[in-house]
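What follows is the residue order along each chain.
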Amino acid sequence: MRLLIFLILLTLLVSACGHVQTPTAELNVAQVKEVTTDPDAAVWRDVPLHISKMIPQDLVDPRVMEPSTSEVQVKAITDGTQIAFRLEWIDPTQNDVPGPKHFLDGCAVQIPARIDPNVPAPQMGEAGKTVEIAFWRADWQAIVDGRATDDIRTIYPNATVDHYPSQARSLEGNPQALAEAAARYSPARAVGNRRGGPREQPVEDMLAEGPGTLSPAADTTSKGKGIKTKTGWSVVIARQVPAGFSPGTPTQSAFAVWEAAHGEVGARKMRTGWVPMILK
Amino acid sequence: MARVNNWQLGREMSYWYPESRPEKQFAAVFDTNKCIACQTCTLACKTTWTSGKGQEYMLWNNVETKPYGFYPLAWDLNLLEMLDGQQWSERDGKTVYEGSTIFESAPAGERVLGWRPSDEDYAYPNVGEDDCSGGVDGGASLEGTHDMAWFYYLARICNHCTYPACLASCPRGSIYKRPEDGIVLVDQGRCRGYQECVRGCPYKKVFFNPITSTSEKCIACFPKIEQGLAPQCFENCIGKIRMAGFLNTPDKAQADNPLDYLVHIKKVALPLFPQFGLEPNVYYIPPIHVPTTFTRQMFGPGVDKAVEVYRNAPNDPDLTSLLGLFGSTAQITRRWKRVGDKAIGMDEHGKELVSVPFREPVHIRPAYDKLYQITRTNCP
Ligand code: SF4
Ligand code: SF4
């Protein structure tokens, strides 16, 4: 009788959770017809699951002294051109509004720029051994999902502003003068640093050759989408398949997660080591 | 960590990078005794540099009433509470800081000892304005001077520190100190908005811009400095409390350099919280009516001497004349001299920029004007 109740409960539990997968030690990339950036797409269901343990970034200061996110669940699919990673982790709070002392939830996928048995250092590569990083941020997602940019009231709804010189009446009807004035009062934008503001994708492609060397790639070709779930985040980052990646030629991937409510930003992050990435 | 010399502490200290002093160091002297808290400086800066989106709350220049004014809230108290044993001692005729700096007391995992202001901490830029340190008995202020209570105005900009904590805090090396004039800048192309500099700067003079998602700070109006002109907050100062220039280290002090004279020779102008260890380059003539038990913590152990020197200025024609040069020209007075009862401000080549009589002629006008047959009353 007891055994029967146990089995019934187990069946209920399993059906409530969808289905239980046994995680694999490596990241097995499943071949699909077309990759998706939708974290909820049905295609993910049967893709092999890898669970990566996370530890704090521990190479440079500042760093996280108390570990936060303990693991990230990763699945990956490819259509031969694009490779999409779905990262899921537990984070009870949604932090997607920037401000003083307000940080932003985020995650990143790192891959060696070249497939080579001599892999770069796992923490952002090293001199001469570049890593490619695709970085997703929650505020960028909110902007892509339609949150107004460039308005302080999206951050502080009760803010009142008398006047911005960049919107002076004398400039009205002169788009070029308006754009010039906006740039004058926005130095980061003027030099092409687009950390905030309008954007098409919630992801940015970057390169690094060691801690502190992170710089934007010439172009961002990666795409992505993140959804806040009841327990955390579910984020897809899709990028180009690493050159030479094939069933006979595995490579590596590594992951990082920033839990903003834990003060994580920049070097203060949780990360994994290299995870072998295999195409079956 | 490297070992570097911090003359304000009278000793070496640990810093993130080796000592590398600029060719010349932008510096300033503010005379707190003359500030009237009109905030003209604040507005001059605001309208010039921080009228953009995301900069609404930023005051690269602010003026707060001490002891109860702060921007952001409790910027100094928070750190003072974290920093242990700020003792100074006399050693071999030298005043030496025995406590530890914010670099030396950085906790594990951090580059400096610091804290992060929240957005609410910036929401009360005028908190404590004109609040006295204590109560004043009824009628006391009308009876003349009293020593029951005090306040004073502290005008603050970035100190363009010799050992900037903002620069040391940035794991990306996005902050740099210009070799030509020591001005400290955030590279707006490199900054990724981690706000480590905001956390690290003890003076809280780097600000996070939530619209551009980068950090921004006082740039000492470098386009003006490059043309030999004083920054906006200096040129527009109503109280003429400010003098901009370049400061040498004490061993290279030049008597005809106005800042060297005030800081190194007369020792009448003192750094703000030297114990933090940044060798800040804005120097303050301390308020002379405030108990030095308070100002000693803020301006270091030289404060009693500085007050004495300033009080004696009427008997010191050189000092009086130099004080008269404050705010007398929009140009940076690199050199100065006294000729009779005039102070002459000069550029670096000795060319005269301005000449100021240090005692203005006094006219006493009788209350009754015979010509117009009218009695005039002067306001006190
Ligand atoms: S005052 Fe603050 S922002 Fe300015 S140089 Fe010093 S540490 Fe940096
Ligand atoms: S303009 Fe001068 S007098 Fe007025 S508040 Fe600023 S520093 Fe003080």
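Definitions and cut-offs
- Residues numbered from 1 in each chain as written.
- Chains lettered and ligands numbered in written order.
- Predicted model: local features only at pLDDT ≥ 70, side-chain atom pairs only at ≥ 80, totals over all residues.
- Heavy atoms only, no water.
- Helix = DSSP H or I, 4+ residues; strand = E, 2+ residues; numbered from the N terminus.
- Contact = heavy atoms within 4.5 Å.
- Areas by Shrake-Rupley, 256 points an atom, 1.4 Å probe, with all protein chains shown as cover.
- Lys, Arg positive; Asp, Glu negative; His and termini not counted.
- Charge placed at Lys NZ, Arg CZ, Asp CG, Glu CD.
- Near = heavy atom within 4 Å.
- Nonpolar A, V, L, I, M, F, W, Y, C, P; charged D, E, K, R; others polar.
- Pairing = 2+ DSSP bridges.
- Axes fitted to C-alpha atoms, helices over the stretch in contact; angles between N-to-C directions.
- Buried < 20%, exposed > 50% of the residue type's maximum accessible area, 1.4 Å probe, protein only.
- Arc of directions from axis to C-beta.
- Domains from an automatic or database assignment.
- Salt bridge = Lys/Arg side-chain N within 4 Å of Asp/Glu carboxyl O.
- Polar contact = N/O pair within 3.5 Å; in protein donor to acceptor, adjacent residues only side chain to side chain.
- Buried area = accessible area lost by both parts, 1.4 Å probe.

Asker: Just checking my understanding: could you explain the overall build of chain A for this structure?
Answerer: The number of helices and strands found in chain A is 4 helices and 14 strands. Over its C-alpha atoms, taken along the principal directions, chain A stretches across nearly 80 × 50 × 40 Å. For chain A, the proportion of contacts with a sequence separation of at least 24, taken over those separated by at least 6, is 68%. In the structure as shown, chain A presents an accessible area of about 13,900 Å², 56% of it carried by carbon and sulfur atoms. Taken together, the 28 basic and 31 acidic charged side chains of chain A have centroids lying 3 Å from each other.

Asker: Even after reading the chapter, I still don't get the site of ligand 1, so can you show me in this structure?
Answerer: For ligand 1, the set of nearby residues contains 14 residues, the closest of which are B:Cys158, B:Asn159, B:Cys161, B:Cys166 and B:Cys201. Split by residue class, the shell around ligand 1 holds 10 nonpolar, 2 polar and 2 charged.

Asker: I keep staring at the sheet that holds strand S15 (residues 335-339) of chain B and nothing clicks. Help me out?
Answerer: Strands pair in a sheet through their backbones, by hydrogen bonds, and they do so in one of two ways: parallel or antiparallel. All names here are of chain B. As summarised here, the arrangement of the 3 strands in space is S15-S16-S17, forming an open sheet in which the pairing is antiparallel. The sheet is open, and its two edges are formed by S15 and strand S17 (352-357), each paired on a single side. Averaged over all adjacent pairs, the angle separating strand axes in this sheet is 20°, with direction ignored. The sheet contact formed by strand S16 (residues 342-346) and S17 spans 5 bridges and is antiparallel. From the neighbouring strand, alanine 343 faces S17, where its bridge partner is valine 356. Here helix H10 (residues 317-325) sits on the sheet and contacts S15, S16 and S17; the angle it forms with S15, its principal contact strand, is near 125°.

Asker: Mind showing me how you'd approach the side chain of B:Thr333 here?
Answerer: Looking at the secondary structure, you find B:Thr333 in the loop between H10 and S15. B:Thr333 gets classed as buried once you look at its relative accessible area, which sits at 5%.

Asker: I'm lost on helix H2 (residues 75-82) of chain B in this one. Help?
Answerer: Residues and elements named next belong to chain B. Among all positions in H2, only Trp75, Asp76, Leu79 and Leu80 are buried. Down the axis of H2, the buried side of the element spans an arc of 115°, and every buried residue falls inside it. Next to the buried residues of H2 lie strand S4 (62-66), strand S7 (152-156) and helix H8 (292-299).

Asker: How should I be thinking about the domain arrangement of chain A in this particular structure?
Answerer: The accessible area lost on association of the parts is a frequent measure of interface size. All names here are of chain A. Under the domain assignment, chain A is made up of domain 1 (21-149 + 200-279) and domain 2 (151-198). Each of domain 1 and domain 2 has a C-alpha centre, and the two are 32 Å apart. Listed by partner, the interface residues are 11 residues for domain 1 and 7 residues for domain 2. In this assembly, domain 1 and domain 2 are joined by 1 salt bridge. We note a salt bridge from glutamate 204 to arginine 195, for which the minimum N-O separation is 2.4 Å. Our count for the domain 1 to domain 2 interface comes out at 4 residue pairs in polar contact (both at pLDDT 80 or more).

Asker: Looking at this structure, how should I read the environment of A:Asp46?
Answerer: All names here are of chain A. With respect to the helices, strands and loops of the structure, aspartate 46 is situated in the loop between strand S1 (27-31) and strand S2 (50-53). Sequence separation of aspartate 46 and glutamine 21 is 25 residues, and the distance between their C-alpha atoms is 8.5 Å. Leave out the neighbours within four places in its chain, and aspartate 46 touches His19 and Gln21.

Asker: Hey, could you run me through the interface of chain B and chain A in this one?
Answerer: Tallying the contact residues gives 39 residues for chain B and 41 residues for chain A. Regarding the contact of chain B and chain A, the summed buried area is about 3,300 Å², with carbon and sulfur atoms giving 56% of it. At the surface where chain B touches chain A, the tally comes to 3 salt bridges. Notably, a salt bridge pairs B:Glu196 with A:Arg268, separated by 2.7 Å at the nearest N-O pair. Along the contact surface separating chain B from chain A lie 19 residue pairs in polar contact (both at pLDDT 80 or more). When grouped by side-chain class, the residues that make up the side of chain B that touches chain A number 11 nonpolar, 16 polar and 12 charged.

Asker: How should the pairing of strand S3 (residues 25-31) of chain B be read in this particular structure?
Answerer: A regular strand places its side chains on the two faces of the sheet in alternate fashion. Residue and element names in this part refer to chain B. Of all the 7 residues making up S3, 7 are buried; the element is thus mostly covered by neighbouring parts of the structure. The sheet contact formed by S3 and strand S12 (residues 242-247) spans 6 bridges and is antiparallel. Residue phenylalanine 30 lies in a different strand from S12, and its bridge partner there is arginine 242. As judged from the 4 bridges shared by S3 and strand S14 (residues 282-285), these two strands associate in the parallel manner. Paired with alanine 28 across the bridge in S14 is valine 282.

Asker: When you look at the sheet that holds strand S13 (residues 270-271) of chain B in this model, what are you seeing that I'm missing?
Answerer: Residue and element names in this part refer to chain B. Taken together, 4 strands build an open sheet; the order of strands is S12-S3-S14-S13 and the sheet is mixed. Each having just a single partner strand, S12 and S13 make up the two edges of the open sheet. Along the sheet, helix H7 (residues 258-265) makes contact with S3, S12 and S14, crossing S12 at roughly 90°.

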